[in-house]
Amino acid sequence: MNVQVSRRGLLKGLGAGLAGGSMGALGFGALEPAMAASVRPYKLAQMRETRNTCPYCSVACGIILYSLGDRSKNARSAVMHVEGDPDHPVNRGTLCPKGSSLLDFVQSETRTKYPQYRAPGTSEFKRVSWDFALDRIARLMKDDRDKNFIAKNGDLTVNRWTSVGFLGASATTNETAWMTYKTVRSMGALVFDNQARV
Amino acid sequence: MADYSSLDIRQRSASTETPPAIRSHMEVAKLIDVSKCIGCKACQAACEEWNDLREDIGVNVGVYDNPHDLTPKSWTLMRFAEYENEGTGNLEWLIRKDGCMHCTDPGCLKACPSPGAIVQYSNGIVDFIEEACIGCGYCVKGCPFNIPRISEKDHKAYKCTLCSDRVAVGQAPACAKACPTGAIMFGTKEAMIEQAHDRIEDLQSRGFDKAGLYDPAGVGGTHVMYVLHHADKPGLYSGLPTDPKISPLVAFWKGGAKVFGLATMGFAAVAGFFHYITAGPNEVEAAEEEEAIEMEDKARARDETEARPH
């Protein structure tokens, strides 16, 4: 598109623009848009708070999960923010870098949400039912224990099973930790770690 | 100016409007006790989480600083410095949480040419209002601590807000809340100075006789203060300036040069207007027209002679 502007027209336009700009700059405020600055609105104002325990280490810091929706029938909840619980005696609101980034842990694409099984010789994990997973774990544990259980060391009864290890969760209560400990030890397993060690 | 934001404004960049000033607010401050910091970076993680930022995955360049520098998405950064103390023979690991200092006299706000793009709230927080930011980068030049960063994505300047959204509803900034060792404390400026003096007394009793508070007067004091074990040598802490001041170029550019430039423009406009009124536009007289036609004919005749082949 070609716009024909005469030299006079151009100078007139420039002059008017310059004069207008100068008026604004000299403090005739109407030309400055009155932009009301405002603080970013507080994003947790109406979020639902749920108490929980950080799942990483056995310090077991208290956390608060902030989630979308007020749990009304048609609103689906989703964790939007995680912060330390100021009323929790362990951490009193503070969190380490791992705890501080728990939101991405919750929303991680690689998070394991259900049992998965990779059959021998295949390269992909397939979703399986809890029944399948528990049955298979029980079967393999039983077979391994039958094969490798050591009842005696000479004359001494030892009843130990050292070819399998068990890793328990960190964010457990005393009762859960006690149960886990009893279950694992009752089978004679020695290779074992959970929160009850701390 | 009716302003419905939750914090009153004390100063606005490039603006002659006067904000409401009758209400008095307590000044807040963050106190970073470098002697208590273990460099865990919980503050960095909490900052990104709260402000909905995620830094791009970077590369290791052989030091613990990660990312290597402040970015538009990393508003705070642990800077690790090794210092061989000749007095004690100890190797000291000085870890400083870098980020906006929220100066009482902010160089960024002074330098900013866009009305209302940088504001200072009456509690002392200096905040960037990205909607009004034009991405010119003057704030970067104006900052004595080299803090603001311009995003390549939206060409706007970003930096720590001291979690103005949290502070406005009575909460501590995300970094201060997360800090597991209590190296970052938050409260009124008065309470933080008191806290600092307790810590300094303790440090001095344990051999750090040069321990002190970093609240530089050159920028009118700051709303993020440090307790340093070597307050006499702030440069040890990854180049913390000893006596930060707003560059004199900012004062020249926004003071002298701006006034002179505006006066020149104003004078030219006014002079042009009066010249137009008194002398009027340039009129071409008949004689001038004839003269021009004559000159054109002559020129054409000359061109033809020169262009004729020999």
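Not measured: the values here are computed from a predicted model.

**Some points on the overall build of chain B**
Assigned secondary structure in chain B consists of 8 helices and 11 strands. For 310 residues, the compact-globule estimate of 2.2 N^0.38 gives 19 Å, and the C-alpha radius of gyration of chain B, at 29 Å, exceeds that figure by more than 25%. By principal-axis analysis of the C-alpha atoms, chain B measures approximately 100 × 60 × 35 Å. Counting every position in chain B, which comprises 310 residues, the buried fraction comes to 40%.

**Some remarks on the overall build of chain A**
Scanning chain A from terminus to terminus reveals 5 helices and 8 strands. What you see in chain A, going N to C, is helices and strands ordered as α-β-β-β-α-α-β-β-α-β-β-α-β. For chain A, with 198 residues in total, the buried portion stands at 12%.

**What about the sheet that holds strand β2 (residues 28-33) of chain B?**
All names here are of chain B. Strands sit in the order β9-β2-β11-β10 across an open sheet of 4 strands; the sheet is mixed. Single-partner strands in this sheet number two, and they are β9 (184-188) and β10 (212-214). Strand-to-strand, the axes of this sheet are offset by a mean angle of 25°, without reference to chain direction. By the bridge criterion, 5 bridges tie β2 to β9 in an arrangement that is antiparallel. The residue of β9 that forms the bridge with Lys30 is Phe186. Against the sheet, helix α6 (residues 189-205) makes contact with β2, β9, β10 and β11 (224-228), and its axis sits at roughly 135° relative to β9, the strand it touches most.

**Overview of the sheet that holds strand β7 (residues 156-167) of chain A**
Backbone-to-backbone hydrogen bonds pair the strands of a sheet. The strands run either parallel or antiparallel. Residue and element names in this part refer to chain A. Taken in spatial order, the 3 strands of this open sheet run β6-β7-β8, and their pairing is mixed. Only two strands of the sheet have a single neighbouring strand rather than two, namely β6 (150-153) and β8 (189-193). Across this sheet, the average inter-strand angle for adjacent strands is 40°, counted without regard to direction.

**Side note on the pairing of β6(A)**
All names here are of chain A. In terms of strand pairing, β6 meets β7 through 3 bridges, oriented antiparallel. Bridge pairing links Ile150 to Arg160 in β7. Linking β6 to β7, which pair antiparallel, is a turn of 2 residues; within it Gly154 sits at a positive phi near 70°.

**Some points on the confidence of the model for chain B**
When the pLDDT values of chain B are averaged, the result is 92; 97% of them are 70 or greater. Interface confidence for the predicted complex, expressed as ipTM, amounts to 0.78; the pTM equals 0.79.

**Topic: the nonpolar core**
All names here are of chain B. Counting residues in each nonpolar core, the largest one holds 86 residues, and the members touching the most others are Val34, Ala46, Cys112, Ile118 and Cys175. The dominant element in this core, judged by the number of residues it contributes, is helix α1 (residues 42-50), at 6 residues. If near-sequence neighbours (up to four positions away) are discounted, Cys175 is found in contact with Cys43, Ala46, Cys47, Thr76 and Ile184.

**Description of unusual backbone geometry**
Trans is the prevailing form of peptide bonds, just as negative phi is the prevailing case for residues other than glycine. Residue and element names in this part refer to chain B. Of the consecutive residues Asn66 and Pro67, the connecting peptide bond is found in the cis state with omega at -5°. For Pro67, the position within the fold is in the loop between α1 and β3 (76-85). Residue Lys41 is not a glycine yet carries a positive backbone phi of 70°. Locating Lys41 in the fold gives a position in the loop between β2 and α1.

**Focus: the confidence of the model for chain A**
With 82% of its residues at a pLDDT of at least 70, chain A reaches an overall mean of 85. Confidence over residues 29-35 of chain A falls short of pLDDT 50; this stretch has 12 contacts with residues more than four positions distant or in other chains.

**A look at the environment of B:Lys110**
Residue and element names in this part refer to chain B. Mapped onto the elements, Lys110 comes out in helix α2 (residues 107-111). The buried category is assigned to Lys110, around which 23 C-beta atoms lie within 10 Å. Between the C-alpha atom of Lys110 and that of Ala14, which follows or precedes it by 96 residues, the distance is 7.7 Å. Contact partners of Lys110, with chain neighbours within four places excluded, come to Gly142, Ile246, Val250 and Lys254.

**Brief notes about helix α8 (residues 286-307) of chain B**
Three- or four-residue spacings in an α-helix give side chains the same orientation, since the helix completes a turn every 3.6 residues. The end-to-end C-alpha distance of α8(B), which contains 22 residues, comes to 32 Å, matching closely the 32 Å that a straight helix rising 1.5 Å per residue would cover. Within α8(B), only 0 of the 22 residues are buried, which leaves the element largely exposed.

**Some details on the environment of B:Ala217**
All names here are of chain B. Looking at where Ala217 falls in the secondary structure, it is placed in the loop between β10 and β11. Exposure remark for Ala217: the 12 C-beta atoms within 10 Å place this residue in the exposed category. On a C-alpha basis, the gap between Ala217 and Asp243 in space is 7.9 Å, while along the polypeptide they are 26 residues apart.

The rules behind the values
- Residues numbered from 1 in each chain as written.
- Chains lettered and ligands numbered in written order.
- Predicted model: local features only at pLDDT ≥ 70, side-chain atom pairs only at ≥ 80, totals over all residues.
- Helix = DSSP H or I, 4+ residues; strand = E, 2+ residues; numbered from the N terminus.
- Rg over C-alpha atoms; globule rule 2.2 N^0.38 Å.
- Buried ≥ 20, exposed ≤ 12 C-beta atoms within 10 Å, placed from the backbone.
- Pairing = 2+ DSSP bridges.
- Axes fitted to C-alpha atoms, helices over the stretch in contact; angles between N-to-C directions.
- Contact = placed C-beta atoms within 7 Å.
- pLDDT = per-residue confidence, 0-100.
- Core = buried A, V, L, I, M, F, W, Y, C linked by C-beta atoms within 7 Å.
- Expected span 1.5 Å × (residues − 1).

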